[in-house]
Amino acid sequence: MNVLSSLVVVLALILVVYLGVDKAGLTALFGTVLPYVAIVLFLGGFIYRILYWAKSPVPFRIPTTCGQQKTLPWIKPNNFDNPHNGFGVFVRMVLEVLFFRSLFRNTRTQIVKDGPKVGYASNYWLWFLAIAFHWAFLIVFVRHLRFFTEPIPEWILGLQAVDGFIEYGVPVFYITSVLLVVGVAGLLVRRLFSSQLRYISLLNDYFPLFLILGIALTGVLLRHYVKTDIVSVKEMTMGLISFSPVNPEGVHVMFYIHFFLVTCLFAYFPFSKLMHLGGVFLSPTRNLANNNREVRHINPWNPKVKLHSYAEYEDDFRDKMVAAGIPVDKE
Amino acid sequence: MADPKPDTMDYYKHDEVLDIDYTPPSENWMDIKYDPAFYERRAGSWIYTTKKQHIEYLGMPNPHDWSPTDEDWGLPDNWKEIIFNGIRERLDKYRSFKIFMDCCVRCGACADKCHFYIGGGDPKNMPVLRAELLRSIYRNDFTMAGKILGRLVGGRKLTINVIKEWFYYFYQCTECRRCSVFCPYGIDTAEVTMMGRELLHLLGLGVNWIMQPVASCYRTGNHLGILPHGLKDTLEFFAEDIEDVTGIEVDIPINQKGADILFATPSGDFLAEPGTFTCMGYMMLFHELKERYGLTYTWSTYCSEAGNFGLFTSKEAMKRLNAKIYTEAKRLGVKWIIGGECGHMWRVLHQYMDTLNGEIKEGWKEAEEPKSPITGTVFENAKSTKMIHITEFTSDLIKHGKLKLDPSRNDHLNVTFHDSCNPARAMGIFEEPRYVIKNVCKNFHDMPPNTIREQTFCCGGGAGLGTDENMEMRLRGGLPRGNAVKYVHDKHGVNKLACMCAIDRATLTTVCEYWAPEVDVTGIHELVGNAMVMKGEKEQRTKDLRLDPLPGFEDAEDDDV
């Protein structure tokens, strides 16, 4: 149900832009107005969400420790999985954000009917698909900066050259195009074929996958199969970035489809789970040093509570304490 | 013989418990009803509710007697408003709560990491879905998408059925944080469960097995409600057994002003085997240190508990119970504090105590950065809290050769070690306990890597779930741990499971009896007490702290009789 609705939504978006551009000629709407709206929503929403999170304090220092703590000098601490200082936290966050350290730990648990009853197997599939998808998407995104720069900086051209090193096809296929499609499709397949995952998956989980798959596939089509006037496209993108938008003739509707799906992704981003991009940096179980006993962590709203003082306690039990020969403050 | 009841182990057939189906039901999880019939059917997997008197004594909201098998749970008329305000307040107070509500992508990495899910297969015990129970309400009423699109984007309306569902599942999480190790954003279900339980407490809904100890601890200083003279009697009783074993009469310093160290431990060690033997181990260790090195310590009746069931209740309750540690350290004028073997207690001491109650230390004139006067080691890692873990202390003593040990007395034992959830994942104390064990026992084998250290499995009874009426969930939740114990038993002949947690010592005894019946449970300082050669002890010990004969002395005459 959720799968189908997500797919239908994405197909509907495609239909809307197809009709809008191809039949109604609304190139200015899809090429200029909506992209600007989307970018405003994206930036505004992103900042709003980060501020919304940041507004709440971190009352307690609650790192999840995944390695040996720092205690005695002869016991080797694991500063990257259980950081005791800022450097350790930095490395832990780098490993988490760039290499998905926690996902890498993933295991698969099975009930084995004979022998040991519960078995654990390492399970790198999720990690592989996730890392392929995220890194490929990042590099694809960066490669696209060639549409928004003139002259194109050397490093972007360099990145393109590296990405296309297999030199297959004209124009060459990029490795990241393949990895992006494989990653997203793999994550989608995984979600569809595991009954547990299907049970927990929402529209909010399928929709971004279909959307990004749509972006990737239309991108591949545009580059390799549906040739459009690339000069006009660049004229358009440069117009957007320099705030003097133009909507030249001769741009294929496939480009508008691709571009509109990206527009939708930007607009949708801050209001969705995709904000884990920002959230991962703010997660208190990961971004704090485990130095609780060394440095006092201050809670701005430390609750005021009623206490049972020693004096009250002694009043309650003085007779018994005296009778048992336990020292008391007031005889 | 009467048929066994759901609160006994015998009620559960191994085959039936192991017939676990991980395929989720066809019914959408939002549509499942938690009516009285459900709770009646599921006896053995939920915990009796708090008696009114305890809620009243603690001054918490809506004290009333009720049962989940009632149709009417006795909620205040404005219960919905209370929950919404409660959620709003917690969102404002905890960044963790916001992030954990917003960032989950439902990747499913956590799904099969929960011991209750592994042992039971109920999809709502997948950490991701446990969080969705609360997240769906958050989404529906606190996010724009949810307000507009509702169920389409995973929101649902807050109904009485939701509250009834929360009660079931937030008391099926032991706050062990194993899922949080695997989550790419570090989403910590313990944090979500804490929020869920705090919200339920706003409506007067809690479980007696947690709230009675909280009330007792507030009044008497310990969870079990042991009164001052009772504590003294208990320790004297232990001292008699120690004398029987070693020939040494150990001191029992209680509420002694001017001692070097305050020692605080979970009160479970005063009451129930095998924790009691661990308590004897502490007494022997401190007596020995006084005899050999002049280090003095004291027990406290006011602070006769360092464990803290407030952690399973609310931050306020935790603070109220925890305050007595610094209060008593200051009153007695000790230099620093040692904490005994306990799991959740160390989460509180390590991650919460200083933040909650650090200001009590003001005016504690004698306070010093913990420094072992015996070895000269300064525990810089506890510079601020002034409280160290007993295995940090003991491993340092052993490393410096300050204890005379005869590990051969433990030769009949083949030991493995259970990392308790909280010391593992909220502290990272892995090597210290292993170092101590390996120095007092020659035969040691770790369990498989996926089941120890940061990946350790809960005993199934943490966070206040270790009571008998919850037997089915304890056995199911204990499966991964029990299975790993069985594995090292079969492979290496392990016959002893060491742990440093009072709840473990109580609940793993049951888990082992059910899943690994040839293995029994011990605390670390019981092993230390048995191996330690005390100054002036009898020439030859013939029995261990359990008063069982040591190998070779099975027929020895008991000279006390």
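Computed from a predicted structure; not experimentally measured.

A.B. asks: Help me understand the overall build of chain B, please; the structure alone is not making it clear to me.
C.D. replies: Along its length, chain B carries 24 helices and seven strands. Taking 2.2 N^0.38 as the reference for a compact globule, 561 residues should give roughly 24 Å; the C-alpha atoms of chain B span a radius of gyration of 24 Å, in line with that estimate. By its C-alpha atoms, chain B is 80 × 55 × 45 Å across when sized along the principal axes. Burial statistics for chain B: of 561 residues in total, 69% are counted as buried. Taking contacts inside chain B between residues at least 6 apart in sequence as the whole, the part at least 24 apart equals 78%. Roughly 17600 Å² of accessible area belongs to chain B as shown, and the carbon and sulfur atoms make up 48% of that amount.

A.B. asks: Please explain the interface of chain A and chain B as it appears in this structure.
C.D. replies: Accessible area lost on assembly of the parts is the figure often given for the size of an interface. Taken together, the contacts link 90 residues of chain A with 116 residues of chain B. Of the roughly 9000 Å² buried between chain A and chain B, counting both surfaces, carbon and sulfur atoms make up 59%. Summed over the three residues of chain A that lose the most area to chain B, namely Trp-74, Tyr-199 and Arg-293 of chain A, the buried surface amounts to 10% of that side. In this structure, the connection of chain A to chain B is made through 80 residue pairs in polar contact (both at pLDDT 80 or more). When its residues are assigned to classes, the side of chain A that touches chain B shows 42 nonpolar, 28 polar and 20 charged.

A.B. asks: Quick question: what am I supposed to make of the sheet that holds strand β5 (residues 415-418) of chain B here?
C.D. replies: Pairing between sheet strands relies on hydrogen bonds along the backbone, with the strands arranged either parallel or antiparallel. Residues and elements named next belong to chain B. Spatially, β5-β6-β7 is the arrangement adopted by the three strands of the open sheet, whose pairing is parallel. Taken across any chain shown, the strands that pair with only one partner, and hence form the sheet edges, are β5 and β7 (520-523). Geometrically, the sheet is characterised by an average inter-axis angle of 35° between neighbouring strands, direction not taken into account. Where β5 and strand β6 (residues 496-499) come together, four bridges link them in parallel fashion. Opposite Thr-416, over in β6, you have Leu-497 as the bridge partner.

A.B. asks: Even after reading the chapter, I still don't get the packing of aromatic side chains, so can you show me in this structure?
C.D. replies: Aromatic rings in a pair are described by how distant their centres are and how their planes are angled relative to each other. Under the defined criterion, the tally for this structure stands at 60 aromatic pairs over all chains. Ring geometry for Tyr-168 of chain B against Tyr-169 of chain B: centres 4.8 Å apart, planes inclined by 90°, an arrangement best described as edge-to-face. Using a relative accessible area of 2% as the deciding quantity, one classes Tyr-169 of chain B as buried. A connected cluster of aromatic rings, assembled from ring pairs, spans Tyr-34, Phe-38, Tyr-39, Trp-46, Tyr-48, Trp-66, Trp-73, Phe-167, Tyr-168, Tyr-169 and Tyr-171 of chain B. The positively charged end of Arg-178 of chain B is found above the aromatic ring belonging to Phe-457 of chain B, 3.7 Å away from the centroid. Its guanidinium or amino end placed over the ring of Tyr-310 of chain A, Arg-331 of chain B lies 3.4 Å from that ring's centre, counting from NZ or CZ.

A.B. asks: Would you mind showing me how to read a nonpolar patch on the surface here?
C.D. replies: Residues Leu-26, Leu-29, Val-33, Val-37, Leu-41 and Phe-271 of chain A together with Met-144, Ile-148, Leu-149 and Leu-152 of chain B make up a contiguous nonpolar surface patch of about 850 Å² in total accessible area. Mapped by element, the contributors of at least two residues to the nonpolar patch are α2 (27-55) of chain A together with α8 (144-149) of chain B. Here the element with the most residues in the nonpolar patch is α2 of chain A; it accounts for four residues. Inspection of the secondary structure puts Leu-149 of chain B in helix α8.

A.B. asks: Explain the nonpolar core here, please?
C.D. replies: In a soluble, globular protein the nonpolar side chains are often hidden away together inside. Ranked by internal contacts, the top residues of the largest apolar core, which has 177 residues, are Leu-211 of chain A together with Ile-83, Ile-87, Leu-134, Ile-163, Trp-166 and Tyr-352 of chain B. Not counting residues within four places of it along the chain, the set of residues in contact with Trp-166 of chain B comprises Ile-83, Leu-133, Leu-134, Ile-137, Arg-156, Tyr-171, Leu-199 and Leu-200 of chain B. Core analysis: the next-biggest nonpolar cluster, separate from the first, contains 84 residues, Ala-324 and Ile-326 of chain A together with Val-250 and Leu-413 of chain B among them.

A.B. asks: What's the story with the pattern of salt bridges in this structure? I'm lost.
C.D. replies: Two side chains bearing opposite charge may form a pair once their charged atoms approach each other closely. All names here are of chain B. Per the stated rule, a full pass over the model turns up 53 salt bridges over all chains. Arg-151 is the salt-bridge partner of Asp-31, the closest N and O atoms lying 3.1 Å from each other. Remark: Arg-151 occurs in the loop between α8 and α9 (160-170) and Asp-31 occurs in the loop between α1 (14-18) and α2 (36-41); sequence separation between them is 120 residues. For the salt bridge of Lys-335 with Asp-260, the shortest nitrogen-to-oxygen distance reads 3.3 Å.

A.B. asks: So what exactly am I meant to see when it comes to the domain arrangement of chain B here?
C.D. replies: All names here are of chain B. Here chain B is partitioned into domain 1 (9-206) and domain 2 (214-531). Domain 1 and domain 2 are separated by 31 Å when their C-alpha centres are compared. At the junction of the two partners, domain 1 supplies 45 residues and domain 2 supplies 45 residues. Carbon and sulfur atoms make up 62% of the area that domain 1 and domain 2 hide from each other, which totals about 3900 Å². Applying the counting rule to domain 1 against domain 2 returns two salt bridges. One salt bridge connects Arg-42 with Glu-472, and the closest N-O pair in it is separated by 3.5 Å.

A.B. asks: Got a minute to help me understand the pairing of β7 of chain B in this structure?
C.D. replies: Two faces make up the sheet, and in a regular strand the side chains alternate between them. All names here are of chain B. Inspection of the sheet shows β6 paired to β7 by four bridges, in the parallel sense. When the sheet's bridge partners are listed, Ala-498 is paired in β7 with Thr-522. Taken together, β6, helix α23 (residues 502-515) and β7 constitute a β-α-β crossover, and its handedness is right-handed.

What counts and what doesn't
- Residues numbered from 1 in each chain as written.
- Chains lettered and ligands numbered in written order.
- Predicted model: local features only at pLDDT ≥ 70, side-chain atom pairs only at ≥ 80, totals over all residues.
- Heavy atoms only, no water.
- Helix = DSSP H or I, 4+ residues; strand = E, 2+ residues; numbered from the N terminus.
- Rg over C-alpha atoms; globule rule 2.2 N^0.38 Å.
- Buried < 20%, exposed > 50% of the residue type's maximum accessible area, 1.4 Å probe, protein only.
- Contact = heavy atoms within 4.5 Å.
- Areas by Shrake-Rupley, 256 points an atom, 1.4 Å probe, with all protein chains shown as cover.
- Buried area = accessible area lost by both parts, 1.4 Å probe.
- Polar contact = N/O pair within 3.5 Å; in protein donor to acceptor, adjacent residues only side chain to side chain.
- Nonpolar A, V, L, I, M, F, W, Y, C, P; charged D, E, K, R; others polar.
- Pairing = 2+ DSSP bridges.
- Axes fitted to C-alpha atoms, helices over the stretch in contact; angles between N-to-C directions.
- Phe/Tyr/Trp six-rings, centres within 6.5 Å; stacked < 30°, edge-to-face > 60°.
- Lys NZ or Arg CZ within 6 Å of the ring centre and 35° of its normal.
- Patch = residues over 30% accessible without salt bridge, like charges linked within 9 Å, V, L, I, M, F, W, Y side chains within 5 Å.
- Salt bridge = Lys/Arg side-chain N within 4 Å of Asp/Glu carboxyl O.
- Core = buried A, V, L, I, M, F, W, Y, C linked by side-chain atoms within 4.5 Å.
- Domains from an automatic or database assignment.
- Right-handed = clockwise from strand over helix to strand, strands pointing away.

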